[in-house]
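Survey of secondary and tertiary structure
As a plain string of letters, each chain reads:
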Amino acid sequence: MTETATRDGADAARPLTKKDFSSDQEVRWCPGCGDYAILANVQGVMPSLGIPRENLVFVSGIGCAARFPYYMETYGFHSIHGRAPAIATGISVTRPDLKVFVVTGDGDALSIGGNHLIHAMRRNANMTILLFNNQIYGLTKGQYSPTSELGKITKSTPMGSLDYPFNPVSVALGAEATFVARSIDNERQHLTDMLTRAANHEGTAFIEIYQNCNIFNDGAFDAVRKNRPQQIRLEHGRPIRFGAEDEFGVALKRTGELEIVDATRVAEDVLLVHDAHREDPGLAFMLSRLSHTPQGPTPIGLFRQVERPVYGTRLNAQLDDAVARRGAGDLATLLAGPDNWMVN
Ligand SMILES: Cc1ncc(C[n+]2csc(CCOP(=O)(O)OP(=O)(O)O)c2C)c(N)n1
Ligand code: SF4
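Everything in this summary refers to the structure shown in the same document. (Residues numbered from 1 in each chain as written. Chains lettered and ligands numbered in written order. Predicted model: local features only at pLDDT ≥ 70, side-chain atom pairs only at ≥ 80, totals over all residues. Heavy atoms only, no water.)

1. A few points about the pattern of salt bridges
Under the criterion given, the structure shown has 15 salt bridges. For Lys253, the salt bridge goes to Glu257, with nearest N and O atoms at 3.5 Å. Here Arg325 and Asp321 are joined by a salt bridge, their closest N and O atoms 3.1 Å apart. Residue Arg325 and its partner Asp321 are both found in helix α10 (residues 311-326); the two are separated by 4 residues, about one turn of the helix. (Salt bridge = Lys/Arg side-chain N within 4 Å of Asp/Glu carboxyl O. Helix = DSSP H or I, 4+ residues; strand = E, 2+ residues; numbered from the N terminus.)

Here it is, written out as structure tokens:
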């Protein structure tokens with residue numbers, strides 16, 4: 001960590017620590033909420049990024065997860081429901097020197113904000129999106145969300161949800177996000193690794209984080225969260241294996257589907273070797289479908305990371321080009337120009 005630019009005075013040269021990223025705000029999540037572990041992890045990752053605090057911005061929408069910016073000793077914006085990716089796009093385009101994070105929930109990102117989320121990702125706007133998925137609306141006290149499972153009984157679905165749930169990783173891959181990962185609130189080392197890689201990615205980095213809402217949807221991810229052998233840990237360049245003794249594997253069938261196989265009974269070369277840098281997101285998408293709801297073996301880790309030009313860079317180049325060709329322009333002249341008409 002080389003950061004020295006955020007303090008005046010005698011301790012200016014002191015490297016930043018996790019504590020430097022904790023604000024003085026009272027944390028107002030329910031005791032036991034998974035959000036605490038994610039907050040601690042993000043605060044712990046910050047010093048290693050070597051980015052001055054004044055160059056960090058956390059943007060959120062509305063929800064429990066969206067309280068995040070208050071607790072970070074960085075710049076932040078607790079904004080409008082579902083609109084964090086749009087606001088973050090504006091910040092990242094106009095201030096490319098800033099590192100922008102979006103913190104959002106499954107309701108905020110995939111209900112009211114679904115539109116903004118997919119367009120930020122397809123543009124490859126420069127931001128790190130952390131989607132805390134608890135499969136419920138927490139802040140508004142337990143209505144079903146776009147990731148709630150079929151048949152889910154909540155206050156707004158008393159007879160069971162009829163909606164097929166979104167799989168956030170599949171959505172991100174479908175929008176061709178250039179970095180797509182999944183982790184779990186209580187998997188400290190794994191989450192640290194994913195956060196670090198995402199923060200160092202150029203373009204949109206998307207991480208779905210399984211987050212336990214112990215008040216309104218307790219245990220939603222326990223089949224995977226408390227059961228390490230059910231976690232299919234994706235590692236680039238390695239055959240995909242899982243299980244207590246790595247006794248299971250993932251293979252690509254001739255018919256084009258993925259299947260789970262007994263790795264003790266098949267040759268090593270039958271197992272699919274994970275390629276996170278494949279340009280085509282198809283295989284990563286298939287991996288994301290191995291577990292539609294996280295009840296069976298579920299892939300976590302980095303599904304996809306590819307390089308693609310960043311939206312802000314291209315936009316600013318286009319603006320520079322326009323100015324070079326036609327001059328800086330003047331808004332008042334434009335508005336008063338010949339291309340206008342009167343409505344009577
Ligand atoms: C325009 C608007 N519509 C609806 C709401 C009500 N509302 C607040 S938070 C929320 C959903 C929060 O769920 P999620 O994003 O999953 O976050 P969590 O609270 O679970 O962290 C809703 C519907 C609102 N605040 N504003
Ligand atoms: S309602 Fe759920 S998500 Fe919200 S703070 Fe409480 S435990 Fe966390």
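2. Some points on the site of ligand 2
As a structural note, the neighbourhood of ligand 2 is formed by Trp29, Cys30, Cys33, Cys64, Asn134, Gly138, Gln211, Cys213, Asn214, Ile215 and Phe216. For the shell around ligand 2, the class distribution of residues is 7 nonpolar, 4 polar and no charged. (Near = heavy atom within 4 Å. Nonpolar A, V, L, I, M, F, W, Y, C, P; charged D, E, K, R; others polar.)

3. Let's talk about the sheet that holds strand β3 (residues 99-105)
Spatial strand order, β2-β1-β3-β4-β6-β5-β11-β7: 8 strands in an open sheet with mixed pairing. The two strands at the open ends of the sheet, each matched to only one other strand, are β2 (75-78) and β7 (231-234). Averaged over neighbouring strand pairs, the angle between their axes works out to 20° when direction is ignored. Summarising the sheet, β7 and strand β11 (residues 298-305) pair through 4 bridges and their orientation is parallel. For Ile232, the partnering residue across the bridge sits in β11 and is Pro299. In the packing of helix α5 (residues 114-123) onto the sheet, the strands contacted are β4 (127-133) and β6 (204-210), and the crossing angle to β6 comes to about 135°. (Pairing = 2+ DSSP bridges. Axes fitted to C-alpha atoms, helices over the stretch in contact; angles between N-to-C directions. Contact = heavy atoms within 4.5 Å.)

4. Remarks on the sheet that holds strand β10 (residues 258-262)
Taken together, the 3 strands give an open sheet; going across it, the order is β8-β9-β10, and neighbouring strands pair in antiparallel fashion. Both outer strands of the open sheet, β8 (241-242) and β10, are each paired with one neighbouring strand and no more. Pairing of strand β9 (residues 248-252) with β10, which is carried by 5 bridges, proceeds in the antiparallel orientation. Following the sheet pairing, Val250 is matched in β10 by Ile260.

5. Points about the site of ligand 1
The local shell around ligand 1 holds 16 residues, among which Cys64, Gly107, Asp108, Gly138 and Leu139 are the closest. Within the backbone of Ile136, one N or O atom sits 3.1 Å away from an oxygen atom of ligand 1. Gly138 places a polar main-chain atom, nitrogen or oxygen, 2.9 Å from an oxygen atom of ligand 1. Taken by itself ligand 1 offers 590 Å² of open surface, and the protein chains cover 72% of this. No other element matches helix α4 (residues 106-112), which puts 4 residues into the shell around ligand 1. Here the shell around ligand 1 is composed, by residue class, of 7 nonpolar, 7 polar and 2 charged. (Polar contact = N/O pair within 3.5 Å; in protein donor to acceptor, adjacent residues only side chain to side chain. Areas by Shrake-Rupley, 256 points an atom, 1.4 Å probe, with all protein chains shown as cover.)

6. Points about the pairing of β3
Taking burial as the measure, the 7 residues of β3 include 7 buried ones, the bulk of the element. Burial along β3 is two-sided: Lys99, Phe101, Val103 and Gly105 and Val100, Val102 and Thr104, pointing in opposite directions, are all buried. Of the pairings in the sheet, the one linking strand β1 (residues 56-60) to β3 comprises 5 bridges and is parallel in character. Considered in β3, the bridge of Ser60 is made with Val103. (Buried < 20%, exposed > 50% of the residue type's maximum accessible area, 1.4 Å probe, protein only.)

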